[in-house]
Amino acid sequence: EFFFTKHALIEMSDENISMAEVKDVVLNGKAIRVYPEDPKGCSRLMLGFSDGRAIHVVCAQQIETMHVITAYLPLSELWEADFETKK
């Protein structure tokens, strides 16, 4: 089960990212960062691709629910071409 924060829903709307795309990134993407001290619980930054677009999703597992904290399209000005390494 997925829970989308208000912030995530706003970002997804602004970036035209669907819930299906976010779920696919979480389930099939690559974890590129882990944040063990996150107040929402151990969270991670996931990278996935949809229709040629790189998508980043920050999520945290909460017992039986995956909390989606945010989702966005990483900017090439901030990320290397692999979208895994911050400039």
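One can find the structure itself at the top, above this paragraph.
So, a few notes on the structure that sits alongside this text. (Residues numbered from 1 in each chain as written. Predicted model: local features only at pLDDT ≥ 70, side-chain atom pairs only at ≥ 80, totals over all residues. Heavy atoms only, no water.)

Right, let's talk about unusual backbone geometry for a bit. The phi dihedral of Asp51 falls on the positive side, at around 50 degrees, and the residue is not glycine. Inspection of the secondary structure puts Asp51 in the loop between β3 (43-50) and β4 (53-62). Located in the positive-phi region is Phe83, a residue other than glycine, with phi close to 60 degrees. Mapping Phe83 onto the fold places it in the segment after β5 (65-72). (Helix = DSSP H or I, 4+ residues; strand = E, 2+ residues; numbered from the N terminus.)

With 14 residues, the main nonpolar core has Met12, Val22 and Val57 as its most contacted residues. Breaking this core down by element, the ones donating at least two residues are α1 (6-15), α2 (19-28), β4 and β5. Apart from residues lying up to four places away in sequence, Val57 is in contact with Val22, Val25, Val26, Arg44, Leu45, Met46, Val68, Thr70 and Ala71. One finds Leu47, Val58, Ala60 and Ile69 within the second-largest nonpolar core, a separate group that totals nine residues. (Core = buried A, V, L, I, M, F, W, Y, C linked by side-chain atoms within 4.5 Å. Buried < 20%, exposed > 50% of the residue type's maximum accessible area, 1.4 Å probe, protein only. Contact = heavy atoms within 4.5 Å.)

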